[in-house]
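A look at the structure
Listed below, chain by chain, are the residues.
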Amino acid sequence: MDFSDSRMQELENIATRISLDHRLTPYMISHPYYSKEAIEELKSYKVNSSFIDGLYLYYHEGDQVYSPRGSSSMNTLVNLVYEIKEDEIAKFKTDMETVTEATVHPVSLISDNNEQNHIISYLYPIPTNNTFAIGTLAFLVKESTLKKLTQNVLGEFKGNMYIFNEDNELLASSSTGEKLGAEKVQKLAKGETGVLDKTINKENYSLVTVRSEISDWTFVTAMPTAQFYGKMDSLKLTIIIILSIIALIGILTTVFMSFRQYKPIQSLAQSLLTKSKENLHRKEHKDELKSIQEAIELMHEDSEQLHKKMKVHQPLIKDQLLSLLLKGDIKRKTEINDLLVDLEISFNGDSFFIVLVSFKDRIMEHESLQSREKVLELLTTISYEDCVGYGVELIHDNAVAIIVNINENDKDVNEIQLDFVKELRKKLKEYCKEMPTVGIGKIYEGLDWINRSFIEASASIEYNLLNNNESAIYFENITTAEGNPFWYPAEDQAKFIQSLKQGDKIVARETLKNIITNVKEQDASLYMLRCMCFDIINTVLKNTLELGISFSVEQIQSLTEFKTLENLEEILNKLIVDICDEVEERKESHNNLLRDNILNYIHKNYKSHELSLEFTAESFQLSASYLSRFVKEQTGKTFTQFVWQLRNEEFKRQLKETDKPIKKIVLDIGYVDVANFTRKFKKEEGVTPGQYRNHH
């Protein structure tokens, strides 16, 4: 059971990684140029698991299925590749189109003989754990592969072994004795777990039922009762004898070894207590404990190296986690809480709000970029009295979002919020030549509601920019500023607009529901209510136009032909999904474009002496800290390591293909300190540049 659970976990991990892989998006995998790279990527995922027979990626409303071998139609997959039985093809296709959670089902195949022939389908929605899936990832496992999991379970016993899924469908079975029909034990699979004696085919059988808490699979073994208890009696006696012998040998060995190895053990303990970081001289002849000592020292060194690597990656992981909280993308709270502890993010209270510091429309000269670096460092972690805030840079919005946690006491939370914002603005004035715009969302309880406050803070920023208001603005004040008791609240309108711009479906739908409810409660004439509805429609159309998103004639027509408020809400909810998906896709596209531009820039300028992290960041109007994390995320290397790799490869190429002096090549690839470069090259390659040239 543990083995099958680990396999299921392995497939779930692969599905999650494919879901997050930007090379396997619908756009990339169907692109004439990038599709080859996407297929290669699928191949690497397939190689990582010997358990599966086939891996297939399918995006809804399309006919192509993608696998490590390439692409094919759905009909080719079900009729030629696996030859699924005709009466099960429709169900398989429907599952591929509609699955919203991980499912496991047996699928019958066409067989030349009368024997049953199956494959097991593991289907995962893409994205994983998402109600609105855009595709399906299918792992197909041969029944024979699953049977291997059960072959060694019975050992020397003769009996039968069965595996049923959560729907009580038979996935696999094996038999080493008299074969029992699966239907005879299928009814017992959903019953209580444990050992049960049952008469089957006029013979007494002992059935052992175990259910996995991870996969919800049920494992049933059935063996003759007489054989079961007979073996147990002889096994008990054998175990008692073996344990007695082992205990006696253990006592004698312990006494002997304690006298013989006391001094080496004492030396080992002293060595671990006074461990030196210098490499110890290792003799050719050493006793076992000396070897253990050296192994422990090596493990200690490896642990320190791993700890250093984790420290390097920590800022990137921290930013990704804070970004997920802002988006409201919280699927597993336990894992989120564990990550918060590991990243030293301390949320001691249940109340949260967002402060958004926007640099929009600010001129980004060298001096202001330097100033912004200091501001970003300030906002990474900022605390004041009963509040602690953790900032994350939002490159798309040219802003920093601070997730502020309030440690509740007898003081009013709104007063605590006011004090924190005052202190924040005071510090910003010290660092900023030109004051950034500050927007503050409302206070909510629980991590689940952080994204609502983020949308509100974003709406406050936009209100500030439209009304030329230089002071910080709280989202609650938007209603007061607009103040129209007859129309639906201005704060709902601002929140609705901003949720569309941020691509947040959850908040957009919630806010639309509030607006529709408010319109229903208006004591207005039928004509006035219709005008209100058209105002809502106009709000959606106007903002999608600003985003550069266009609708089809049919979509516009359906908007204007609504019959009831409920009908209008239903139509708008469908549009919200389309708009938010488009916004998210554009953000991803922007990331890819930014990545390509930055990497092309580095490739073009890596030979320049002036190339540096700060110089490159200024060229792209980014902060040095963001660029550093971005390059690490996209290449797996730091900026310095990436540039060194390019320069080193070019240096080796010129050593092999030209007769230029080594000093001239070093200067040509962007280094001015020849001696320093030579030392680093020898450390990396194990030979000097001259020796490398002679070798090649």
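For clarity, every value in this text was computed on a predicted model and none was experimentally measured.

Within the protein chain, the secondary structure is distributed over 26 helices and 18 strands. In the protein chain, buried positions account for 42% of the 696 residues. In the protein chain, 59% of the contacts between residues at least 6 apart in sequence involve partners at least 24 apart. Accessible surface for the protein chain amounts to roughly 38900 Å². Of this, 52% is attributable to carbon and sulfur atoms.

With that out of the way, let us pick up the packing of aromatic side chains. Inspection of the entire model under this criterion finds 17 aromatic pairs. Seen in terms of ring centroids, Tyr601 and Phe620 are 5.4 Å apart; in terms of plane orientation they differ by 85°. Their pairing is edge-to-face. Of the two residues, Tyr601 sits in helix H20 (residues 565–605) while Phe620 sits in the loop between helix H21 (613–619) and helix H22 (624–635), which places them 19 residues apart along the sequence. Ring centres 5.3 Å apart and planes at 50° place the aromatic pair Trp644 and Phe677 in the tilted group. Of this pair, Trp644 sits in helix H23 (residues 639–657) while Phe677 sits in helix H25 (residues 674–685); the two residues are 33 residues apart in sequence, bridging distant segments of the chain. For the pair formed by Trp644 and Phe677, the shared burial category is buried. By the ring-pair criterion, three or more aromatic residues cluster together here, those being Trp644, Phe651, Tyr671, Phe677, Phe681 and Tyr692. In this structure, Arg452 is placed above the aromatic ring of Trp449, and the distance from its NZ or CZ to the ring centre is 4.3 Å.

For the rest of this paragraph, the subject is the environment of Leu599. Residue placement: Leu599 occurs in helix H20. In the structure, Leu599 is positioned 35 residues away from Gln634 in sequence and 9.4 Å away in space, judged by C-alpha atoms.

We now examine the confidence of the model for the protein chain. For the protein chain, the mean per-residue pLDDT works out to 79, and 82% of the residues sit at or above 70. Across residues 276–285, where pLDDT falls below 50, the model places five contacts with residues more than four positions away in sequence or in other chains. When the criterion is pLDDT under 50, residues 482–486 qualifies, and its contacts beyond four places in sequence or with other chains add up to seven contacts.

Most of strand E6 (residues 135–142) is tucked away, with seven of its eight residues classed as buried. Across eight bridges, strand E5 (residues 118–126) lies against E6 in antiparallel orientation. Along E6, the bridge assignment pairs Tyr122 with Phe139.

Turning next to the state of the cysteines. Each disulfide consists of one covalent bond between the sulfur atoms belonging to two cysteines. Applying the stated criterion to the full structure yields zero disulfides. For Cys531, which is in no disulfide, the shortest distance to another cysteine sulfur is to Cys533 and amounts to 9.2 Å. A residue is classified by how much of its surface remains accessible, and Cys531, at 45% relative accessible area, is partly exposed.

This part is about the environment of Thr437. Here Thr437 is to be found in strand E16 (residues 437–440). Here Thr437 falls in the buried class, since its relative accessible area comes to 5%. For Thr437 and Glu462, which are 25 residues apart along the polypeptide, the C-alpha to C-alpha distance reads 9.5 Å.

One finds Tyr122, Leu137, Phe139, Leu146 and Trp217 to be the most contacted residues of the largest nonpolar core, which totals 32 residues. Elements that contribute at least two residues to this core include exactly helix H1 (2–20), helix H3 (35–47), strand E1 (54–59), E5, E6, strand E7 (160–164) and strand E8 (170–175). The residues contacting Phe139, other than those within four sequence positions of it, are Leu11, Ile14, Ala15, Ile52, Gly54, Leu55, Ile120, Ser121, Tyr122 and Tyr124. Membership of the second largest hydrophobic core comes to 26 residues, among which are Ile516, Val540, Ile571 and Leu575.

Right, let's talk about the sheet that holds strand E4 (residues 103–108) for a bit. With respect to topology, six strands assemble into an open sheet ordered E3-E2-E1-E6-E5-E4, the strand pairing being antiparallel. The sheet terminates laterally at strand E3 (70–73) and E4, the two strands that pair on one side only. The average undirected angle you get between the axes of adjacent strands in this sheet is 30°. With two bridges connecting them, E1 and strand E2 (residues 64–67) associate as antiparallel partners. Within E2, the position partnered with Leu57 by the bridge is Tyr66. Across the sheet, helix H5 (residues 86–98) lies against E1, E4, E5 and E6, angled at about 160° from E4, the strand it touches most.

Below, the discussion takes up the pattern of salt bridges. When charged atoms on two side chains of opposite charge get close, those side chains can pair. Applying the stated criterion across every chain, the model contains 20 salt bridges. Across the pair Asp581 and Lys505 runs a salt bridge, and its minimum N-O distance is 2.7 Å. Of this pair, Asp581 sits in helix H20 while Lys505 sits in helix H17 (residues 505–520), placing them 76 residues apart in sequence. For Asp581, a relative accessible area of 29% gives the class partly exposed. Among the salt bridges present, the one from Asp596 reaches Arg595, with a minimum N-O distance of 3.2 Å. A relative accessible area of 13% means that Arg595 is categorised as buried. Look at the salt bridges and you will find they share partners, linking Lys607, Glu650, Arg653 and Glu657 into a network.

Our focus in this paragraph is the pairing of E2. Consecutive side chains of a regular strand alternate in pointing toward one face of the sheet and then the other. Connecting E1 to the next strand, E2, in antiparallel fashion are four residues, including Glu61 with a positive phi near 65°. Here E2 pairs with E3 via four bridges, running antiparallel. Bridge assignment links Tyr66 to a residue of E3, and that residue is Ser71. Where E2 folds back onto E3 in an antiparallel hairpin, the turn is made up of two residues.

The next thing to look at is the side chain of Ser453. As for its placement among the helices and strands, Ser453 is situated in helix H14 (residues 450–466). A distance of 2.9 Å separates the side chain of Ser453 from the backbone oxygen of Lys442, its partner in a polar contact. What Ser453 contacts, discounting residues up to four positions off in sequence, is Phe353, Ile354, Gly441, Lys442 and Tyr444.

Attention now goes to the sheet that holds strand E10 (residues 203–211). What the five strands build is an open sheet, ordered E8-E7-E11-E10-E9; its pairing is antiparallel. The sheet terminates laterally at E8 and strand E9 (194–200), the two strands that pair on one side only. Direction aside, neighbouring strands of the sheet carry axes that sit 20° apart on average. Bridge analysis of E9 against E10 gives seven bridges, and the strand direction is antiparallel.

Bringing unusual backbone geometry into the picture now. Note that the residue after Ile126, namely Pro127, is joined by a cis bond; omega there is 0°. In this fold, Pro127 is placed in the loop between E5 and E6. We note that Glu83 has phi near 50°; this positive angle belongs to a residue other than glycine. Tracing the sequence through the fold places Glu83 in the loop between helix H4 (74–81) and H5. Assessed through its relative accessible area of 39%, Glu83 is described here as partly exposed.

Conventions used here
Residues numbered from 1 in each chain as written. Predicted model: local features only at pLDDT ≥ 70, side-chain atom pairs only at ≥ 80, totals over all residues. Heavy atoms only, no water. Helix = DSSP H or I, 4+ residues; strand = E, 2+ residues; numbered from the N terminus. Buried < 20%, exposed > 50% of the residue type's maximum accessible area, 1.4 Å probe, protein only. Contact = heavy atoms within 4.5 Å. Areas by Shrake-Rupley, 256 points an atom, 1.4 Å probe, with all protein chains shown as cover. Phe/Tyr/Trp six-rings, centres within 6.5 Å; stacked < 30°, edge-to-face > 60°. Lys NZ or Arg CZ within 6 Å of the ring centre and 35° of its normal. pLDDT = per-residue confidence, 0-100. Pairing = 2+ DSSP bridges. Disulfide = S-S within 2.5 Å. Core = buried A, V, L, I, M, F, W, Y, C linked by side-chain atoms within 4.5 Å. Axes fitted to C-alpha atoms, helices over the stretch in contact; angles between N-to-C directions. Salt bridge = Lys/Arg side-chain N within 4 Å of Asp/Glu carboxyl O. Polar contact = N/O pair within 3.5 Å; in protein donor to acceptor, adjacent residues only side chain to side chain.

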